[in-house]
Amino acid sequence: MRASLLELALLGCLALSTFACSWSRFDDVTDNSPIVLLEKPGSMKQGFGVSLATATNAGQTEVLVGGATNVSPAALYEIGNQDSPGTTAIDSYCSGDDCFLSSLTAGFANASGLDQVHRPLCFAVGSGTAGTQGLVVRCKDTHEYALSMPKEAQDLLASAVAQNQPDDHPMATDGTDDPLLLVSLPEKHLAWFYPAKSTQYSELALPNGAEVDDPSFGRSLAVLAVAGGRVLALGVSGKSEVFLWKTDDSANSSYIGCLGGINGMGRALAAGKVNRDGNDDLVVSDDSNVHVIDGAALFELPPTASSECSFSSLPPGALINSFGCGSTSSLTGCETSEFGAAVAVGDLDGDGDGEVIVGAPKMTVRGAENAGALLVYDAEGSSDAAFVDAKFISSAEAFDDLGRSIVTPHIDKRDIIAAGAPGNGKTALFYCSALLPQGAAGSRCP
């Protein structure tokens, strides 16, 4: 970033005297506003915005908004490629009695189905039956299919479907045209992946002695696309651990270590290009801070059989940055904000490196308790990360819980922010950034 731009951003958004306050208090309900609220379908009774996933192909971007895990469907929205999104759902995913929505869903620019047909804009949404039983994938052309899973997971699913008592299957992909799909089964402490363009699973092996008997196993996941392959990250925040594997884009994988030693490590995970080396980097939150770790450095870690979890195994310079919660005149309550409940990376100004967006769903917004906010950091430098922007729903209500889920849909040459506020059943798109040069953000941004 240019120093002058950062200085302007800090003056504008930290003081909130020239940036956020220049908008109406109710800018999210005015015409052509910088914040757009998606319409909640009547079929989604609980938790609209609990989960989010996005996918982009050939200039078209979609966002999938999930409801309460295992009891609600997910709604699909066409965001387009400019600043005029569709706010009404165009499809409902995992809406039948034979599909159970996962807590983390995953989007594909392209996915290869069981028939080997390459389809655009697909989402892995949950477990259930789509012809056969397995992980349910649905594409824009309404084609559905089920990916087979490891036997223990497949047997558990068959029993769960028969008893209507499903288990959660969190999922994550990377942002490439042909992503890898990473899946966990917390109930059985299992994890596996499907290589790019493959429908065949490959199990991930943990080292002997790894203590993973915790309900938080696999509740956070991330896939990093790096030169030479992928890095797979799986959080067990109850044990303050993040397990790491790498794969050369084949069905083979190697365990490369475990991050730990900080309370709540692995509470949320995300991947994206924070610096300019072209590789995804890993973003990890713990109970109070967020850390950014160089993805290329992780990929260079050698295979190991050690079950030790610490930061000491990281190569020199691998830790790009660490930072904590920031507040403004309109946003208060960092101590109880649940800073880091969700994290994401997005290139909000289109300059080639990404900003880190952190959810703080219990933050107080203009006196509204637990309304929630999104805090944006420029974390690419080796010095302290710059808190450069703050986002919230201007007509925020108490207990909105904004920032419980975050993704960064791609439009034109930059990313925007989509964030869930499931406390009151809201999901919002944020089009503007303090980092954007004046006049470069489209008609929605003053």
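Please read these numbers as outputs of a predicted model, since none were measured by experiment.

**Concerning the sheet that holds strand S15 (residues 229-236)**
Okay, step 1: Taken together, the four strands give an open sheet; going across it, the order is S14-S15-S16-S17, and neighbouring strands pair in antiparallel fashion. Both outer strands of the open sheet, strand S14 (220-226) and strand S17 (254-260), are each paired with one neighbouring strand and no more. Within the sheet, the average angular offset between the axes of one strand and its neighbour, ignoring direction, is 20°.
Okay, step 2: Two elements, S14 and S15, share seven bridges in a ladder whose sense is antiparallel.

**Overview of the sheet that holds strand S2 (residues 51-57)**
Okay, step 1: In space, the four strands of this open sheet follow the order S2-S3-S4-S5, with antiparallel pairing throughout. Each having just a single partner strand, S2 and strand S5 (91-93) make up the two edges of the open sheet. The mean angle between the axes of side-by-side strands here comes to 30°, regardless of whether they run parallel or antiparallel.
Okay, step 2: When strand S4 (residues 74-80) meets S5, the two strands line up antiparallel, connected through three bridges. Across the sheet, residue Ala-74 finds its bridge partner in S5, namely Tyr-93.

**Comments concerning helix H2 (residues 151-163)**
Okay, step 1: Relative to the 18 Å expected for 13 residues at 1.5 Å per residue, H2 spans 18 Å between its end C-alpha atoms, a close match to the ideal helical length.
Okay, step 2: Of all the positions in H2, only Ala-153, Gln-154, Leu-157 and Ala-160 are classed as buried. Along the axis of H2, the buried residues cluster in a sector spanning 125°; they form a single face. With respect to the buried face of H2, the exposed residues turned more than 90 degrees away are Lys-151 and Ala-162.
Okay, step 3: Considering only its buried residues, H2 is in contact with strand S7 (118-130), strand S8 (132-139), strand S11 (181-185) and strand S12 (190-194).
Okay, step 4: One or two residues past the end of H2 sits Asn-164, with phi positive at roughly 55°.

Definitions and limits used
Residues numbered from 1 in each chain as written. Predicted model: local features only at pLDDT ≥ 70, side-chain atom pairs only at ≥ 80, totals over all residues. Heavy atoms only, no water. Pairing = 2+ DSSP bridges. Helix = DSSP H or I, 4+ residues; strand = E, 2+ residues; numbered from the N terminus. Axes fitted to C-alpha atoms, helices over the stretch in contact; angles between N-to-C directions. Expected span 1.5 Å × (residues − 1). Buried < 20%, exposed > 50% of the residue type's maximum accessible area, 1.4 Å probe, protein only. Arc of directions from axis to C-beta. Contact = heavy atoms within 4.5 Å.

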